[in-house]
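Take a look at the letters that make up each chain.
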Amino acid sequence: MKLKKNIATSEAGFVFNPATGDSFAASPLAAEILELLKAGQAPAAIQASLLARYEVSASQLQRDWDDLMAQLHQFQLLES
Amino acid sequence: MTKLPYERPTIRKLTAGPLSKFGPRAGARPVAELEGVPVPELLARFGSPLFVLSERQLRRSYQAVMRAFGTRYPQVQLAWSYKTNYLNAVCRVFHQEGAWAEVVSGLELEKALGNGVPGAQILFNGPGKTRADLARAAEVDAVIHLDNADELHRLLEVAAGRPHRPRVALRVNLDAGIFPQWDRFGFNLENGQAWQALQQVAAATEQLDLVGLHCHLGTYILQPAAYGVAATKLAALALRCQQELSLPVRYLDLGGGFPSQNTLKGSYLPGPDAVPDLDDYAAAIAEALLGAGFRVGELPLLVLEAGRALVDEAGYLLGTVLATKRLADGRRATVLDFGVNLLFTAYWYDHHISPVRTFSEQTEPTVLYGPLCMNIDVVRESIVLPLLAAGDQVVVHRVGAYNMSQWQQFITLRPHVVLLDLQGNPHIIREAETLEYLQQPERVPAHLQG
Ligand SMILES: Cc1ncc(COP(=O)(O)O)c(C=O)c1O
């Protein structure tokens, strides 16, 4: 689960895929996750850090995580 | 250490389409309370989903209609259109304000009588009056709005054995420039049917007492000018009645059909921007009647059967998000604990729906649907809302008209309906249904028992 190398992300949540020309708007939390993925952090480590900082249950986070990854996959932003 | 508030992470593809004129924030403003009562408190106490009616708004809407017409025409009478919402508490609020009753069935007639409306203040419309209905209406002196020649014939038979002449009005349908023209109800004006019927009534003055003429153009009519046309035509017919048949007409009933501020499906503008002011309707009708040529002192009473315009705004449907998911094409979907079974008007309107709690400014378009497990069960095809999660509560606005009479007991039971009185105290005005209530009229044949 790695972000493609050439994907540009900004702190404000702007995401650009130079290969396809598509751009995206990520919510603040999604932007934070993208930055961490891009920095090469493992999903489990990212989730643990989110759980420690955000008011959310592990099961809720897992569902939302899966949904986000499915979206990233559909938008062709992940390494296959 | 306190944790940060959480909202699910989302990512959305940016498309270079036309920008929505109304912005993504429309609909996202939270509505945390109704008439000062917190929504979560109402749902905790009465369960979810829940219909809520505001007595203050019911009275306010009634007074607004009376003001719009009463300041332009000397004699105005509202007749509450029962089918719009015939919960007794709602009807009684309007009757307290001074409304007569407009009914379209024997059932509604009995409801109006049960609510204490004198028979003489009940107007009985509709194409489906049975002989028993006509006899009952004659017995209580309700005004029978004649719909067709067979009914007129039937009423003459009913009238034959009665001590008093039944009071009647003629329902007329006419071309007021509205499409589609409602021509199924009453006698057509332009093809001469209405005049023919009036001649028959005139020939039967020993048996029938003609008191009024009626015309209901349709519903959610957005052209005030059409009412002007209808009023002009109805007034001319009344004058002709008086001059040629010596039948003075005491009231002209212009029906209902005035819109609420809901947004019709497919409408480019939201309801509050698309709907003409009530004053425009009142002005069109009053101008037509005042200029029609009635002699001073002989102006007919103006009757209006507003339904939607009186009750829609006062109704809310509160509900809860059961789940969110993603559809095959990537769209967000939100499952609510109510569907089109309760919100019949979701077929007509893009209902305004608000979250209850405060969210960040992040929003997402979502389809909203209910628990029915049927493809037709769509509350909103696409609405931009904050990032709702299971357990979040929502408020659907302007649901007072037609839902609490056209709702279906289908798949789930109908919930409580609560009236917030002028002090904001909640009163249950219809109990939530139970399995026992639902099955009470059912019978299981002996061979299927045991
Ligand atoms: C005869 C008659 N009067 C009044 C009404 C109320 O209409 P609305 O709710 O559009 O005002 C109706 C509704 O169809 C009706 O049939």
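We now turn to the structure provided with this report. Every value quoted in this text rests on a predicted model; they were computed, and no experiment measured them. (Residues numbered from 1 in each chain as written. Chains lettered and ligands numbered in written order. Predicted model: local features only at pLDDT ≥ 70, side-chain atom pairs only at ≥ 80, totals over all residues. Heavy atoms only, no water.)

Comments concerning the site of the ligand
Residues and elements named next belong to chain B.
Step number 1: For the ligand, the set of nearby residues contains 14 residues, the closest of which are K83, T219, G257, E305 and Y402.
Step number 2: Contacts to the ligand include K83, whose side-chain N or O atom sits 2.6 Å from an oxygen atom.
Step number 3: At a separation of 2.6 Å, a nitrogen atom of the ligand approaches a polar side-chain atom of E305.
Step number 4: Protein chains shield 95% of the accessible area of the ligand, which is 400 Å² for the free molecule.
Step number 5: Among the residues making up the shell around the ligand, the classes are represented as two nonpolar, seven polar and five charged. (Near = heavy atom within 4 Å. Polar contact = N/O pair within 3.5 Å; in protein donor to acceptor, adjacent residues only side chain to side chain. Areas by Shrake-Rupley, 256 points an atom, 1.4 Å probe, with all protein chains shown as cover. Nonpolar A, V, L, I, M, F, W, Y, C, P; charged D, E, K, R; others polar.)

Some remarks on the packing of aromatic side chains
Step number 1: Taken as a whole and assessed by the stated rule, the structure comprises 15 aromatic pairs over all chains.
Step number 2: Plain terms: the ring middles of F24 of chain A and F75 of chain A are 4.9 Å apart, the flat faces sit at 35 degrees to each other, and that makes the pair tilted. Here F24 of chain A is found in strand β3 (residues 22-26), whereas its partner F75 of chain A is found in the segment after α3 (58-74), with 51 residues between them in sequence.
Step number 3: For F24 of chain A, a relative accessible area of 0% gives the class buried.
Step number 4: By relative accessible area, F75 of chain A is classed as buried at 15%.
Step number 5: Ring centres of F51 of chain B and W407 of chain B lie 5.6 Å apart, and the angle between their planes is 70 degrees; this geometry places the pair in the edge-to-face category. Placement of the pair is F51 of chain B in strand β4 (residues 50-54) and W407 of chain B in the loop between α12 (403-406) and β20 (417-420), with a sequence separation of 356 residues.
Step number 6: When its relative accessible area of 0% is taken as the criterion, F51 of chain B is described as buried.
Step number 7: Judged by its relative accessible area of 7%, W407 of chain B is buried. (Phe/Tyr/Trp six-rings, centres within 6.5 Å; stacked < 30°, edge-to-face > 60°. Helix = DSSP H or I, 4+ residues; strand = E, 2+ residues; numbered from the N terminus. Buried < 20%, exposed > 50% of the residue type's maximum accessible area, 1.4 Å probe, protein only.)

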